[in-house]
Every structure is written in structure tokens, then in C-alpha cells.
Amino acid sequence: MSIQWFPGHMHLTRQAIAERIKAIDVVIEMLDARLPGSSANPMLAGLIKGKPALKILSKQDLADPVRTQQWLDHYNAQDGVRAIALDNSMKQPAKALAAACRQLAPNRGGMDKPMRVLICGIPNVGKSTLINTLKGKAAAKTGDIAGVTKTEQRVTIADDFYLYDTPGVLWPRIIVLQSGYNLAASGAIGVNAFDDEEVALELLAYLMAHYPQELMARYKLASLEGLSDEQVLSAVGRVRGALLPGGRINTTKAAEAVIHDLRSGALGTITLETPEEFAKWLAEGKKADAERAARKEEFAKAKAQKTSQRARTRR
């Protein structure tokens, strides 16, 4: 099932970004280091219109360090783009962020030409937490659910460095199927937009293929050989005591436990995609989307033809 979530305030945020971008020197896009491709907003490329871009891979302490470096190399190889990784434990994130922005816009700085930076990203990616760290106080609201920030905020990082914070925004339609599952697992999508069990099963299938040792260690499983993702979810339920009367497994509770363990880092340092994997998923998603558009167009043509035939018959 395709997972979609685009509340009304996100449409307003998109409009605000398009307007604000005109006076911006550098655009910071915060990405979740556990899913950098899936958390990159495809809508943003058109909105920033060639502005220098800084990609921040947030929550790097929860991500696979080898894969984080792969993603940094991937983005740093692109023209007009710099990428750095941050997490809440870093003592001087402001210094790293400001230095990266000044490299991208070396002609900005000083009171006559202050640096104007727009920071954006998906919901629950850690923007507000980073801003509060930069300011040293609670300048922005934070929370562990999607959609805490609802309005744009301007934060003064230094006398000549202004940071504009925008609400978390997704895009109207997620065409990469796996991205929907990864975004839901990470906490970027509202809880009413997806089924916990479906997301947990997709997550378990990926972990079984790429992080089997972490999975077995967390849930005390002797082996994964011959097991399906459904069987592993049941095993998680037994280990975590998610039981119903008669000893049946409460698969909903088991699924919630798996998702929580990913978000909290209890499963270990996990990254749910590599640059190569995401490129493949994106190509498949674009192909499926083009086929969907073609079917929709054919349906519209057939409907219009039938309407025209009925009109001629009435005459």
C-alpha cells in the first residue's frame, strides 16, 4: 500500500518557501541520516532555483556510520552542494553549519551583507532541536511527533547570520513505495496515515537482509534462517510479552515495539537505504508514476469520447 500524508499546512509551507527563497543566500535541507534519499524533498529542487544547498544529515548517532559516509560522498560530489553530518551530541554545531554556509556563499557576511539562510526538511527530522542548540535556548518548539512547527520563525545565529526556520513539509505524492515505509518508520508521517503492522513488516524484511545480527541481538533470536517477516514479528511479540488471551500474539503491539526500537536507536545504528538502492527505487517509482499517468490520461480520453458519443446520440 502506498503511504501518503500531506496536511493542509504543508501546502501553505510550500508557498512560504517559494516566496522566502527569493531573498535567501543558502538553503539548508535537513535529512534523516537513516534515510537520506527518502527524506530529501523532491519538491525543493524546483523551489530553490539553483541556490547553494547545504545537506545536513541529522541523527547521525542513530545511523550506520559506513552508510552515512557513502551518502556524504554522494552529495558532496554534486555541484553547488555541501553535506555534513550532525547529531545532538555535537558541541559546536553552529561553527560547522556557519562554516559550510560561508563556503557556499563566500560573498555574504558582515552587517551590510548578512547571511540569510533558509532551513527546511521533513517533519520530525530535528530542525527545531538543532536551532535550539544553535541558540542555546528553546527558540523553536520541539517534539517527537511529526508536525510540531506550524509557522515560519526567524532566528539570529550571529549579528550577520539570520536563519529562517520553516515547518516540516513533505510532498503531495510519494512515488517511491519504499520511501513511504521508511518515512513512516522514522516518525516523519502522521500516525493515522499508515498501518503499524505493514510498516513493521517492511522494516523487518529490510533488517533481516541487511542487519540480521542487530535484529537477533535485540530480540534474542538464535537464528533468522527460514523465517518470514511475519514469523519474526510474532517472535518479537513473544519476547516483548505482547500477548493476547490464549497466548496469541498481539501483532499490533509487536509492530509498535519494532518501530519504537528503530526510532530510539535500541536496534543499533541502522540506515535503511544506500545511494544505489535509493536510485533504483526512484527509477522504479518514476516508471510506475509515468505508467499511472498514462492510464489516467487514457481513462480521461475514453470518458470524454463516451460523453461526446452520448451528446451526438441525443441530437
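**Q** Any chance you could break down the sheet that holds strand β2 (residues 53–58) for me, citing the residues and the numbers?
**A** Within the open sheet, the six strands sit side by side as β3-β2-β1-β4-β6-β5. Their pairing is mixed. Taken across any chain shown, the strands that pair with only one partner, and hence form the sheet edges, are β3 (81–85) and β5 (153–158). Neighbour-to-neighbour, the strand axes of this sheet turn through a mean angle of 25°, independent of strand direction. Taken together, the six bridges between strand β1 (residues 26–32) and β2 define a ladder with parallel strand orientation. Pairing of Glu-29 across the sheet is with Lys-55, part of β2.

**Q** Quick rundown of the state of the cysteines? Include the residues and the values.
**A** Under the defined criterion, the tally for this structure stands at zero disulfides. Of all cysteine sulfurs in the structure, the one in Cys-120 sits closest to Cys-101, which takes part in no disulfide; the separation is 12 Å. Relative accessible area serves as the criterion here: at 2%, Cys-120 is assigned to the buried category.

**Q** Help me get a handle on the nonpolar core, residues and values and all.
**A** Counting 90 residues, the largest nonpolar core has Ile-28, Leu-54, Ile-56, Leu-97, Cys-101, Leu-183 and Leu-215 as the members making the most contacts within it. For this core, the element with the most residues is helix α7 (residues 196–210), which contributes eight residues.

**Q** Tell me about the packing of aromatic side chains, and please be specific about residues and values.
**A** Under the definition given, this model contains one aromatic pair. Taking NZ or CZ as reference, Arg-20 lies 4.2 Å from the ring centre of Tyr-164, over its face. Arg-154 extends its terminal NZ or CZ atom over the ring of Tyr-162, reaching a point 4.2 Å from the ring centre.

**Q** Tell me what's going on with the confidence of the model for the protein chain, and back it up with residues and numbers.
**A** A low pLDDT means the predicted coordinates there should not be read in detail. Here the protein chain averages 86 in pLDDT, and 90% of its residues register 70 or above. Per-element averaging of pLDDT across the protein chain places helix α1 (residues 8–20) at the bottom with 71 and helix α3 (residues 65–76) at the top with 98. This model gives residues 142–150 a pLDDT under 50, and the stretch forms 25 contacts once residues within four places in sequence are excluded.

**Q** Account for the pairing of β1, with residues named and values stated.
**A** Most of β1 is tucked away, with seven of its seven residues classed as buried. Neither face of β1 is left uncovered, since the one carrying Val-26, Ile-28, Met-30 and Asp-32 and the one carrying Val-27, Glu-29 and Leu-31 both have all their residues buried. In this structure, β1 lies alongside strand β4 (residues 115–121), joined through five bridges in parallel fashion. Within the sheet, the bridge partner assigned to Ile-28 lies in β4 and is Ile-119. Taken together, β1, helix α2 (residues 42–48) and β2 form a β-α-β motif whose crossover is right-handed.

About the thresholds
One numbering rule holds for all chains: residues counted from 1, following each sequence as written. Totals for whole chains, interfaces and linings use every residue, but because this is a predicted model, local features are given only for residues with pLDDT of at least 70 and side-chain atom pairs only at 80 or more, for both listing and counting. As a rule here, side-chain values come from all non-hydrogen atoms in the structure, and water together with hydrogens is ignored. Any two strands with at least two DSSP-identified bridges between them are counted as paired. For helices the rule is a DSSP run of H or I covering at least 4 residues; for strands it is a run of E covering at least 2, with both sets numbered from the N terminus onward. Working convention: axes come from line fits to C-alpha atoms, limited for helices to the stretch in contact. Angles between N-to-C directions cover 0 to 180 degrees. Criterion for a disulfide: a pair of cysteine sulfur atoms at a distance within 2.5 Å. For every residue, the accessible area obtained with a 1.4 Å probe (protein chains only) is divided by the maximum for its type, and the residue is called buried under 20%, exposed over 50%, and partly exposed between those limits. Residue types Ala, Val, Leu, Ile, Met, Phe, Trp, Tyr and Cys, when buried and joined through side-chain atoms within 4.5 Å, form a set referred to as a nonpolar core. Put simply, two rings from Phe, Tyr or Trp (the six-membered ring, in Trp's case) pair if the centres are within 6.5 Å, and we call them stacked under 30 degrees between planes, edge-to-face over 60, tilted for the rest. Charges are assigned to positions over rings by a cutoff of 6 Å between ring centre and Lys NZ or Arg CZ, combined with an angular limit of 35 degrees from the ring normal. pLDDT gives the predictor's per-residue confidence on a scale running from 0 to 100. For this analysis, residues touch if any pair of their heavy atoms sits within 4.5 Å. Orient the strands so they point away from the viewer, and a crossover whose first-strand-to-second-strand path over the helix runs clockwise is right-handed.

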